[in-house]
Amino acid sequence: MPAISASAPGKVILFGEHAVVYGQPAIAVPVTEVQAKAIVTGRPDQPAGWVNLQAPNIGLEAPLMDLPADNPLSKAVKGVFEAPSISRIPAMTIRITSTIPIAAGLGSGAAVSVAIIRAVSEFLGQPLPDERVSALAFEVEKLHHGTPSGIDNTVITYALPVYFVRTDQGEMKRVETFKVSRPFTILIGDSGVPSPTSVTVGDVRRAWQVNTARFESLFESTGAIVEHARRAIEHGDIKALGPLMDENHELLVDMDVSSIELDRLIQAARQAGALGAKLSGGGRGGNMIALVKPAEANFISESLKTAGATNTIVTQVKS
Ligand code: PMV
């Protein structure tokens, strides 16, 4: 049996973080320059049902049966095995590698799940449709996040921009993929400051409780920017996106989720020629993003590093 491999990209939030928690729409896009990869190799020298998992990036090598039920890798594999149509599991090794930075808001957990689910189901001769791949990856996401929004598994499975609206409880109310008429280039800069999303989400909630009218207005303005951005991406009006990113960042500053480090990187990107820039994800640390002309991406990336970025990724958003 030949080895089977499958890959899945990372993701980044382009517009609408935080306001999305309050029912406004947001947009996330795939980051195809970083990938998680799963390779499944048959092991005819071993008995049926023998499954060995290797994830060198995190120093893991273990038989599937030795991993706890709440191990995300094991849950992804078992999600495929448990399909009613699978009656026999041939012996196999599943090797997982990834170039997606871990715990950086870039969707590394969901990408690993999607790669595993695709490679294992194909190896078993029962490749799953995207809808099923995304649903299984969502189940694994629950181990990482408790109440995941479903955005990571969707944008990563379909590898297309996703427009989404969620409820206060974190469930998905609307999730739509959409087309990019003209490709555009995004530069991602990591501030190197770890910042758990749960902390900033909690802080925004407390501020909203104290100052409800002001925060509702910030969220509504954010929602309007997201709608505008979606239309601009669909119509290929890339020029409009830069100012929209700047405006969205100002609203995030008003929500008090930026930081000196993020603002320094955003300023540096603009000064070096970016068409717009904002923080991305939970804020206070983590990543910022900038819209850049492809020819200027390397120069602006170097400027970000000089301003303190610990890592940069240049990604082309396209359909
Ligand atoms: O940093 P990420 O990719 O996990 O995004 C967080 C986005 C928030 O809107 C701040 C929180 C959320 O759950 O939507």
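Residues numbered from 1 in each chain as written. Predicted model: local features only at pLDDT ≥ 70, side-chain atom pairs only at ≥ 80, totals over all residues. Heavy atoms only, no water.

### Things to note about the nonpolar core
Okay, step 1: With 108 residues, the main nonpolar core has Leu 53 and Phe 184 as its most contacted residues.
Okay, step 2: Ranked by the residues each element gives to this core, the list is headed by helix α2 (residues 108–123), at 10 residues.
Okay, step 3: For this core, the domains that each give at least three residues are domain 1 (4–177) and domain 2 (184–317).
Okay, step 4: For Leu 53, the contacting residues outside a window of four places in its chain are Leu 60, Glu 61, Ala 62, Leu 64, Leu 67, Leu 73, Ser 74, Val 77, Ile 94 and Ile 96. (Core = buried A, V, L, I, M, F, W, Y, C linked by side-chain atoms within 4.5 Å. Buried < 20%, exposed > 50% of the residue type's maximum accessible area, 1.4 Å probe, protein only. Helix = DSSP H or I, 4+ residues; strand = E, 2+ residues; numbered from the N terminus. Domains from an automatic or database assignment. Contact = heavy atoms within 4.5 Å.)

### Let's talk about the domain arrangement of the protein
By a widespread convention, an interface's size corresponds to the accessible area lost as its parts come together.
Okay, step 1: By the assigned domains, the protein splits into domain 1 (4–177) and domain 2 (184–317).
Okay, step 2: Each of domain 1 and domain 2 has a C-alpha centre, and the two are 26 Å apart.
Okay, step 3: Between domain 1 and domain 2, the contact holds 26 residues from the first and 38 residues from the second.
Okay, step 4: Counting each side, the surface lost to burial between domain 1 and domain 2 is near 2600 Å², with a carbon and sulfur contribution of 67%.
Okay, step 5: When the area that domain 1 buries against domain 2 is broken down by residue, the three leading residues are Phe 15, His 18 and Tyr 22, summing to 30%.
Okay, step 6: Where domain 1 meets domain 2, there are two salt bridges.
Okay, step 7: Between Arg 230 and Glu 176 there is a salt bridge whose closest N-O contact spans 2.5 Å.
Okay, step 8: Every element with two or more residues in the side of domain 1 that touches domain 2 is listed here: β1 (4–15) and β2 (26–42).
Okay, step 9: Here the element with the most residues in the side of domain 1 that touches domain 2 is β2; it accounts for eight residues.
Okay, step 10: A breakdown of the residues in the side of domain 1 that touches domain 2 according to their chemical character gives 19 nonpolar, four polar and three charged. (Buried area = accessible area lost by both parts, 1.4 Å probe. Salt bridge = Lys/Arg side-chain N within 4 Å of Asp/Glu carboxyl O. Nonpolar A, V, L, I, M, F, W, Y, C, P; charged D, E, K, R; others polar.)

### Some remarks on the site of the ligand
Okay, step 1: Lining the immediate environment of the ligand, one finds Lys 11, Ile 13, Glu 17, His 18, Val 20, Val 21, Gly 105, Arg 166, Thr 197, Val 201, Gly 281 and Gly 282.
Okay, step 2: Here Lys 11 contributes a side-chain N or O atom positioned 2.9 Å from an oxygen atom of the ligand.
Okay, step 3: In the model, an oxygen atom of the ligand is placed 2.9 Å from a nitrogen or oxygen of the His 18 main chain.
Okay, step 4: Here the ligand, which alone exposes 390 Å², has 79% of that area covered by the protein.
Okay, step 5: Taken together, the residues of the shell around the ligand break down into four nonpolar, five polar and three charged.
Okay, step 6: Here the shell around the ligand gathers at least three residues from each of two domains, domain 1 (4–177) and domain 2 (184–317). (Near = heavy atom within 4 Å. Polar contact = N/O pair within 3.5 Å; in protein donor to acceptor, adjacent residues only side chain to side chain. Areas by Shrake-Rupley, 256 points an atom, 1.4 Å probe, with all protein chains shown as cover.)

### A short note on helix α7 (residues 241–254)
Okay, step 1: In a regular helix each residue adds 1.5 Å, so 14 residues correspond to 20 Å; α7 covers 20 Å between its end C-alpha atoms and thus fits that length.
Okay, step 2: All buried positions along α7 are accounted for by Leu 241, Gly 242, Leu 244, Met 245, Asn 248, His 249, Leu 251 and Leu 252.
Okay, step 3: Looking at the buried residues of α7, the elements they touch are β1, β8 (184–190), α6 (212–235), α8 (260–271), β9 (276–280) and β10 (287–292).
Okay, step 4: Within two residues after α7, Asp 256 carries a phi angle of roughly 65 degrees, on the positive side. (Expected span 1.5 Å × (residues − 1).)

### A look at the packing of helix α1 (residues 72–81) against α2
Okay, step 1: With their axes 9 Å apart at the nearest point, α1 and α2 run at an angle of 35 degrees to one another. For the crossing formed where α1 meets α2, the hand is right-handed. Taking contact as the criterion, the partners of Leu 73, Ala 76, Val 77, Val 80 and Phe 81 in α1 are, on α2, Val 112, Ser 113, Ile 116, Ile 117, Val 120 and Ser 121.
Okay, step 2: A per-class count over the contact of α1 with α2 returns nine nonpolar, two polar and no charged. (Axes fitted to C-alpha atoms, helices over the stretch in contact; angles between N-to-C directions. Left-handed = near helix turned anticlockwise from the far one by under 90°.)

### Thoughts on the pairing of β9
Okay, step 1: Within β9, five of the five residues are buried, leaving the element largely enclosed by the surrounding structure.
Okay, step 2: From the end of β9 to the start of β10, which pair antiparallel, there are six residues, and Gly 281 there has a positive phi angle of about 95 degrees. (Pairing = 2+ DSSP bridges.)

### Brief notes about the pairing of β8
Okay, step 1: Taking burial as the measure, the seven residues of β8 include seven buried ones, the bulk of the element.
Okay, step 2: Going residue by residue along β8, you find Phe 184, Ile 186, Ile 188 and Asp 190 tucked away on one face and Thr 185, Leu 187 and Gly 189 tucked away on the opposite face as well.
Okay, step 3: Pairing between β8 and strand β11 (residues 311–317): seven bridges, direction antiparallel. Residue pairing for β11: Thr 185 is matched across the bridge by Gln 316.
Okay, step 4: Two elements, β8 and β10, share six bridges in a ladder whose sense is antiparallel. Note that in β10 the partner of Leu 187 across the bridge is Ala 290.

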